[in-house]
Amino acid sequence: MDLACTAQEEDFRTRLREWLAVVLPKLPPKPSPDDWPGRRAYDTAWQRALHDAGYGELHWDASPTLRLIFLEETERAAAPYVGANFVGLLHAGPTIAAEGTAEQRARWLPPILRGDEIWCQGFSEPEAGSDLASLRTRAVRDGDAYIVTGSKIWTSHAEVADWCELLVRTDPQAHRHRGITWLAMPMDAPGVTVRPLRTLAGSVEFAEVFLDEVRVPVTHRIGAENDGWRVTMVTLSFERGTAFVGEVVACRRTLAELARTARENGRWDDAVLRRRLGRLHAEFAALWRLTQWNVSEAEGTGGVPGTGGSVFKLRYSHARQELYDAAAEVLGPDALDLSHEWTLDRLSSLSYTIAAGTSQIQRNIVAERILGLPKGR
């Protein structure tokens, strides 16, 4: 396996760096973290700039390697992240590109790439988180529409979303993995109620979503009825396999900043801390190589990441927590300041062993699908 970039790919990297160097200094200041309409406008304006410059289509119309270079260079340049539309760009969009009809791809992909429409994820429920197949939100066929009733929780950016990638149960008599359907639901449909949830860090990027006989057209179904579990595995493969790529680069940048701060505030004299930062440096270097391996593997599977994404997600989740624990050591008493970016990142890192499939779920996938061990009873 060759992890080196071709001359054409390196040329792409050079042109992207030159464009970022011109555009980034002209961006307006970021809005307040609590200003979600402002953050939506900021994030979608950046996505529109990428689209107009010819970089928007990289999410689906380019090779995984070019997407990897794009994420690597934008993170290294400290460019804006996908922000409020991470579900559309990293989860729903790739799923529709892989599983949708030509009409569905034409309807939903261009607005996502232009930054015109925001998506949220309606998977988890109050009693269906890690055990997602136990979801209860019901969809009953009524002519050319499904009537959806139920609730979702931990729905990221639901308060500013236009669409929701929604999992519903369409056959309650079938095996629990076989009676699920994947729908694209408009968030402005009658019967949709959004209630924000405040996190440990004080932010409100999550919400509960209540669905009271919401009509969703059958034409908004991705894949066949009752085949939603398979489609969901495609979504989760993107979420675990490539959605965190940019964050690995960001963590490596944070690690360099930690070392610099430790030298400035005198904590670099602590040999234990230096060893910890050195081990983390090796950890994230290995994670980056694993990312390259996963991307190379995806080149041969139509761009859909494989089970190696679970290996990556499992180790990355814990490495991120260790990184920001080290940040607390470097900051000392300042680690209690909730206005400090590293403190907020430390709080948010606690969710990474749960989001996108818990670490326990990832271990089961690695054991069963990679190592070939028997399933647990």
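Residues numbered from 1 in each chain as written. Predicted model: local features only at pLDDT ≥ 70, side-chain atom pairs only at ≥ 80, totals over all residues. Heavy atoms only, no water.

K.L.:
Explain the overall build of the protein here, please?
P.N.:
Regarding its fold elements, the protein presents 11 helices and 8 strands. Split into buried and exposed, the 377 residues of the protein put 50% on the buried side. Residue pairs at least 24 apart in sequence account for 72% of intrachain contacts in the protein once pairs closer than 6 positions are excluded. Accessible area for the protein stands at about 17600 Å²; split by element, carbon and sulfur atoms hold 53% of it. (Helix = DSSP H or I, 4+ residues; strand = E, 2+ residues; numbered from the N terminus. Buried < 20%, exposed > 50% of the residue type's maximum accessible area, 1.4 Å probe, protein only. Contact = heavy atoms within 4.5 Å. Areas by Shrake-Rupley, 256 points an atom, 1.4 Å probe, with all protein chains shown as cover.)

K.L.:
Would you mind going over the pattern of salt bridges with me for this structure?
P.N.:
Pairing of side chains with opposite charge becomes possible as their charged atoms draw close. For the structure shown, the criterion picks out 26 salt bridges. Close ionic contact of Asp 52 with Arg 48 constitutes a salt bridge, the shortest N to O distance being 3.0 Å. Placement of the pair is Asp 52 and Arg 48 together in helix α2 (residues 36-52), with a separation of 4 residues, close to one helical turn. In this structure Arg 48 comes out as partly exposed when scored by relative accessible area, which is 35%. The partner of Glu 322 in a salt bridge is Arg 279, and the shortest N-O contact between them spans 3.3 Å. Taken as a pair, Glu 322 in helix α9 (residues 308-331) and Arg 279 in helix α8 (residues 271-299) lie far apart in primary sequence, 43 residues in all. A single network of salt bridges, built from pairs that share partners, joins Glu 10, Arg 13, Arg 17, Glu 72, Glu 73 and Arg 76. (Salt bridge = Lys/Arg side-chain N within 4 Å of Asp/Glu carboxyl O.)

K.L.:
Just checking my understanding: could you explain the environment of Val 82 for this structure?
P.N.:
Turning to its location among the elements, Val 82 is positioned in the loop between α3 (64-76) and α4 (86-99). Among the residues examined, Val 82 registers a relative accessible area of 14% and is labelled buried.

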